[in-house]
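Residue strings, one per chain:
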Amino acid sequence: MVETKPASRPLSPHLQIYRPMLSMMMSITHRITGAALYFGTLLLVWWLVAAASSDQAFNLAQGFFSHWFGVIVLIGFSWALIHHALGGIRHLIWDTGRGFDLATVEWLVRANLIGSVALTFVLWLVVYMAMP
Amino acid sequence: MSIRTPLSRVRGLGSAKSGTDTWWLERMTGLANLPLNLFLVIFLVMHVGAARAEVIASIRNPLVAGLLILSFIAIAWHMRLGMRAIIEDYAQAHATRVVLLLLNTIFTVVVALAAILAILKMSLAS
């Protein structure tokens, strides 16, 4: 039998060969925010379990979430949630087969990014006003 | 030589050993999460700096408890499907993949169970 070596054919281009585009970055961001939310849910569960457990446990959780570090974590968490939710709506629109021309794709990803930052700002304005 | 048809030989040999149900459920749980998480965020904002008794009083309302439980079912389900897609993309070795998928299921089930038990405890305690 003839010895066969894999021919050294050119490989298909991978991520590093492409110029970074906003739509591509937003696709990656959708996955990263999803993974962050996956672990961030632990914070919600901590708060609920603490509320169900004891005054001491609940005060510890409320103390963390009102500390500046906890607030920064929560701002990041809420942005990730809003960004992933808007990205999800974008994907649902695409799932119907609509919005695939380049102009619409570009508009959708921009609206996603601007919308998530704006809504996070509005949310925290409301939180600030709701603070006792 | 096999007398099995080509179709029967390849059936069930897809990458995830299943069809489009995962894709569809990821969309459906995501869609459910839109209104449910909106409710969850409003609930949380309304309890910024609240005392424990106020939180428990709100959760004693069955409508609030019910919507919160639904939220955590949809959230945990969507988490499991989303992380599954990530694991299947990046975990190449079969053993690693199986272990990570198992941990993914355990994590999401524990998250959902802990949240639901906490809500039920507050909701049903006399």
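Cut-offs used in this document
- Residues numbered from 1 in each chain as written.
- Chains lettered and ligands numbered in written order.
- Predicted model: local features only at pLDDT ≥ 70, side-chain atom pairs only at ≥ 80, totals over all residues.
- Helix = DSSP H or I, 4+ residues; strand = E, 2+ residues; numbered from the N terminus.
- Buried ≥ 20, exposed ≤ 12 C-beta atoms within 10 Å, placed from the backbone.
- Contact = placed C-beta atoms within 7 Å.
- Nonpolar A, V, L, I, M, F, W, Y, C, P; charged D, E, K, R; others polar.
- Axes fitted to C-alpha atoms, helices over the stretch in contact; angles between N-to-C directions.
- Left-handed = near helix turned anticlockwise from the far one by under 90°.

Asks: Explanation requested: the overall build of chain A in the structure shown.
Replies: A tally of regular secondary structure across chain A gives four helices and zero strands. In chain A, the succession of helices and strands from N to C terminus is α-α-α-α. Dimensions of chain A, computed from the C-alpha atoms along their principal axes, are close to 75 × 45 × 25 Å. The buried share of chain A, taken over its 132 residues, is 23%. Nonlocal contacts in chain A, meaning residues at least 24 apart in sequence, comprise 70% of its contacts between residues at least 6 apart.

Asks: Teacher, can you tell me more about the interface of chain B and chain A here?
Replies: It is common to report an interface's size as the accessible area lost on association of the parts. The interface is formed by 23 residues belonging to chain B together with 23 residues belonging to chain A. Breaking the side of chain B that touches chain A down by element, the ones donating at least two residues are α2 (21–46), α3 (52–59), α4 (62–90) and α5 (94–124) of chain B. No other element matches α5 of chain B, which puts seven residues into the side of chain B that touches chain A. When grouped by side-chain class, the residues that make up the side of chain B that touches chain A number 16 nonpolar, four polar and three charged.

Asks: Would you take a moment to explain the packing of helix α3 (residues 68–95) of chain A against helix α4 (residues 102–130) of chain A for this structure?
Replies: Pairs of packed helices are described in terms of their axes, by the angle between the two and the distance that separates them. Residue and element names in this part refer to chain A. Their axes nearest at 9 Å, the elements α3 and α4 cross at an angle of 145°. In this structure, α3 meets α4 at a crossing whose hand is right-handed. Within the contact between the two elements, α3 uses Ile75, Ser78, Trp79, Ile82, His83, Leu86, Gly87 and Arg90 and α4 uses Leu108, Asn112, Gly115, Ser116, Leu119, Thr120, Leu123 and Trp124.

Asks: So what exactly am I meant to see when it comes to the environment of Arg9 of chain A here?
Replies: All names here are of chain A. Along the chain, the position of Arg9 falls in the segment before α1 (22–53). What makes Arg9 exposed here is the crowd of 6 C-beta atoms within 10 Å. Through-space distance from the C-alpha of Arg9 to that of Val105 is 34 Å; in sequence the pair is 96 residues apart.

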